[in-house]
Amino acid sequence: MTCLQVIQTLGLAQLQDGGRFGVRHLGVTQGGALDWVAMRWANWLLGNAPNACVLEIPYGNLTLRCDADTRLAISGGDLSATLDGQPLENWTGFDVRAGQRLAFGPPVQGVRAYLAVPGGFKVEPVLGSCSTVTREGLGGLDGQGSTLKVGDRLMGDIIRPGQNVTNRAIPVEQHPLLSDLIVLDVVLGAQYAGFSGLSLFAAFNQPWRIDARGDRMGVRLTGPELRYKGAGLVSEGIPLGAIQVPPDGQPIILLNDRQTIGGYPRLGALEPLSVARLAQCPPGRNVWLQPVTLDTALRNLKAVLRATDR
C-alpha cells in the first residue's frame, strides 16, 4: 500500500470524489471535487476509475511524506508543487520514493490542485461517497467531514515504475488556460424572463468580480444590481451551478456543498465545465457570463467525459 503522511497543512485540504448522489431527499448535499475535470484527469493519469477518491488542495501550504515507492499524479491549479524541493510539472504523473516529501506552495495559476494515488485513496464511504462535506459532518478520512490535519495517514495502492499507465500524458490542448479571460457558460433557467431587460443586458455584457465571501457552498459575484420583477417563488431543488439572485441583486453561484432547496429567483445555471473553471478562480478575479444552449452544454460535457474515461 501507498502511505502519505501529512507533515504540514493549512487546514483546507480534503478528500473528494465524484460526489454523493441519491440522498438529496434527505437534505444531504452533493459534495465532490469542485474542479471535477482536474479530478478526472488526475485519475486518468494513473488508470483509476474517473471518480476515484483524490485529495483536493486549496491554496497550497501542504506537505506530505511518502512511505513507499509508487507513482502519483497532480492536476488542476499550479500550486508550485515540489518533490524534495525540486519543481514538479503540473498535469503529470511522477514516481516517488519512500521518504520523499511532496509539497504544495502558494498558487501560481488557479487555486486548487488535485493529487491522485493508484486506485484512489482508501476511505470508508458514507452514504455512497468519500466526499468531505464539513458543514454536514460527512465523509473524509474520519467519516465525519474533517479536513486533513498533521499526522493523518492516507492510504492507496502502489503502481511500480514501468507499468503501462505510467506512460500516459494529458494532451496539451486539454490543459485549461487559467490565466486567460474567464468566460462562464450559462444555461438560462425558468425564471430568467422575470428579470428586467436592463438586468439581462448587464448580466451578459460586462464583467463580474468574484467576492471574497465564498466557499464550497457558493461564490458571490459583485457588479450591477440585477432586478427580478417576476412572481414570488416557492422553494425548489437547486442544481449544481445555479445562479441565485437574492434581494440585493448580487448573484450567488451555488457549488457542490450548496443547500438542497432555495427560493430566490435563478438567472440560470453554469454548465458543468464552467463550474470547474470557476473553482480555479481566486477572489478579486473578473469573470464574464455567457448564455449557451442546453445542446451546447451537453456536447461540451460529453466530450470531457469521453476524454477522461479510462
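Comments concerning the overall build of the protein
Scanning the protein from terminus to terminus reveals four helices and 22 strands. Seen along its three principal axes, the alpha-carbon backbone of the protein occupies a region of about 60 × 40 × 30 Å. Relative to its full complement of 310 residues, the protein shows a buried share of 52%. Long-range contacts, defined here as pairs at least 24 residues apart, represent 75% of the contacts in the protein between residues at least 6 apart. Approximately 13,300 Å² of the protein is accessible, and the part contributed by carbon and sulfur atoms is 53%. Taken as two groups, the 28 positive and 26 negative side-chain charges of the protein have centres that lie 2 Å from each other.

Concerning the environment of Ile74
Along the chain, Ile74 falls in strand β5 (residues 70-78). Residue classification places Ile74 among the buried residues on the basis of a relative accessible area of 1%.

Re the nonpolar core
Across soluble globular proteins, you tend to see nonpolar side chains buried next to one another. Ranked by size, the top nonpolar core spans 44 residues in total, and within it Leu184, Ile253, Leu270, Leu278 and Val287 carry the most contacts. Ranked by the residues each element gives to this core, the list is headed by helix α1 (residues 36-46), at nine residues. Once residues within four sequence positions are removed from consideration, Ile253 is found in contact with Leu184, Met217, Gly218, Val219, Leu221, Gly241, Ala242, Ile243, Leu270 and Leu278.

Description of the environment of Gly230
Inspection of the secondary structure puts Gly230 in the loop between β16 (218-222) and β17 (236-237). A residue is classified by how much of its surface remains accessible, and Gly230, at 36% relative accessible area, is partly exposed. The spacing of Gly230 and Ser196 is 34 residues in sequence and 9.0 Å in space, taken between C-alpha atoms.

Considerations on the layout of surface pockets
Taken as a whole, the largest pocket encloses approximately 450 Å³ of empty space. In this structure, the largest pocket is lined by 29 residues; those nearest its centre are Leu34, Arg112, Gly214, Asp215 and Arg216. Elements represented by at least two residues in the lining of the largest pocket include exactly β3 (54-58), β10 (109-116) and β15 (208-214). For the lining of the largest pocket, the element with the most residues is β15, which contributes four residues. When grouped by side-chain class, the residues that make up the lining of the largest pocket number 16 nonpolar, six polar and seven charged. Here the second largest pocket defines a volume of roughly 380 Å³. As for the second largest pocket, its lining consists of 17 residues, and the residues nearest its centre are Gln174, Pro176, Leu177, Leu273 and Arg277.

Comments concerning the packing of aromatic side chains
Evaluation of the coordinates by the stated rule reveals two aromatic pairs. Measuring from centroid to centroid gives 5.2 Å for Trp41 and Trp44, while their planes differ by 85°, and the two rings are edge-to-face. Here Trp41 pairs with Trp44, and both are found in helix α1, just three residues apart, close to one helical turn. A ring pair is formed by Phe195 and Tyr228, whose centres lie 5.2 Å apart and whose planes are at 65°; its orientation type is edge-to-face. Of this pair, Phe195 sits in the loop between β14 (183-188) and α2 (197-204) while Tyr228 sits in the loop between β16 and β17; the two residues are 33 residues apart in sequence, bridging distant segments of the chain. The buried category is assigned to Phe195, whose relative accessible area is 5%. When the ring centre of Trp44 is taken as reference, the NZ or CZ atom of Arg168 above it lies at 4.7 Å.

Observations concerning the sheet that holds strand β6 (residues 82-83)
Across the sheet, six strands lie side by side as β7-β6-β9-β4-β1-β13; this open sheet has antiparallel pairing. Two strands in the sheet have a free side with no partner beyond their single neighbour: β7 (86-87) and β13 (153-156). In terms of strand pairing, strand β1 (residues 2-8) meets β13 through four bridges, oriented antiparallel. Within β13, the position partnered with Gln5 by the bridge is Arg153.

Some thoughts on the sheet that holds β14
Strand order in this closed barrel of seven strands is β14-β21-β18-β19-β16-β15-β22, and the pairing throughout is mixed. If you compare each strand with its neighbour and ignore which way they point, the axes differ by 40° on average. As judged from the three bridges shared by strand β18 (residues 242-244) and strand β21 (residues 266-270), these two strands associate in the antiparallel manner. Each bridged residue has a counterpart across the sheet, and for Ile243 the counterpart in β21 is Gly268.

Parameters at a glance
Residues numbered from 1 in each chain as written. Predicted model: local features only at pLDDT ≥ 70, side-chain atom pairs only at ≥ 80, totals over all residues. Heavy atoms only, no water. Helix = DSSP H or I, 4+ residues; strand = E, 2+ residues; numbered from the N terminus. Buried < 20%, exposed > 50% of the residue type's maximum accessible area, 1.4 Å probe, protein only. Contact = heavy atoms within 4.5 Å. Areas by Shrake-Rupley, 256 points an atom, 1.4 Å probe, with all protein chains shown as cover. Lys, Arg positive; Asp, Glu negative; His and termini not counted. Charge placed at Lys NZ, Arg CZ, Asp CG, Glu CD. Core = buried A, V, L, I, M, F, W, Y, C linked by side-chain atoms within 4.5 Å. 1 Å grid on protein atoms, 1.4 Å probe; cavity = no way out; pocket = protein on both sides within 12 Å on 5 of 7 lines; lining within 4 Å. Points joined across faces, edges and corners; volume = space filled by probe spheres on them. Nonpolar A, V, L, I, M, F, W, Y, C, P; charged D, E, K, R; others polar. Phe/Tyr/Trp six-rings, centres within 6.5 Å; stacked < 30°, edge-to-face > 60°. Lys NZ or Arg CZ within 6 Å of the ring centre and 35° of its normal. Pairing = 2+ DSSP bridges. Axes fitted to C-alpha atoms, helices over the stretch in contact; angles between N-to-C directions.

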